[in-house]
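Listed below, chain by chain, are the residues.
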Amino acid sequence: MAKKQRKPQRQAETTTTVDVKSGLNSLKDMLNADALGALKQLEKDMKTEGERKEKEAAEQKRREQEERERNKGFAELLDDYEKKSGGKYS
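Throughout what follows, the structure given in this document is the object of discussion. (Residues numbered from 1 in each chain as written. Predicted model: local features only at pLDDT ≥ 70, side-chain atom pairs only at ≥ 80, totals over all residues. Heavy atoms only, no water.)

Details of the pattern of salt bridges
In step 1: Under the counting rule described, the total for this entry stands at nine salt bridges.
In step 2: Where R62 meets E59, a salt bridge forms, and the shortest distance between an N and an O atom there is 2.4 Å. Of this pair, R62 and E59 both sit in helix 1 (residues 2-70), three residues apart, roughly one helical turn.
In step 3: The partner of E67 in a salt bridge is R70, and the shortest N-O contact between them spans 3.1 Å. Here R70 and E67 lie together in helix 1, a separation of three residues that amounts to about one turn.
In step 4: Under the relative-accessibility criterion, R70 is labelled exposed at 56%.
In step 5: Linked through salt bridges whose partners overlap, the residues forming this network are E59, R62, R63, E66, E67 and R70. (Salt bridge = Lys/Arg side-chain N within 4 Å of Asp/Glu carboxyl O. Helix = DSSP H or I, 4+ residues; strand = E, 2+ residues; numbered from the N terminus. Buried < 20%, exposed > 50% of the residue type's maximum accessible area, 1.4 Å probe, protein only.)

Just distances and angles here, no functional claims.
Below is the structure:
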């Protein structure tokens, strides 16, 4: 019976060691999950910021084009009209 008692004790020590190791692994997994979540949030924020900057750039370009159209002289407007219509006698 002494042999039987020793085996369970060794198994208990082994189980405890496995529990500690699995506890460390789960802690490591939790930290990895937290880091992964933080990285995903950062990626989402960067994507949103990029989209916002693209929209602002497109809006700025549109405003500049409008400003150029407003500031055209008569000769430039006449040239544009001739280009679009194909000329005076087309």
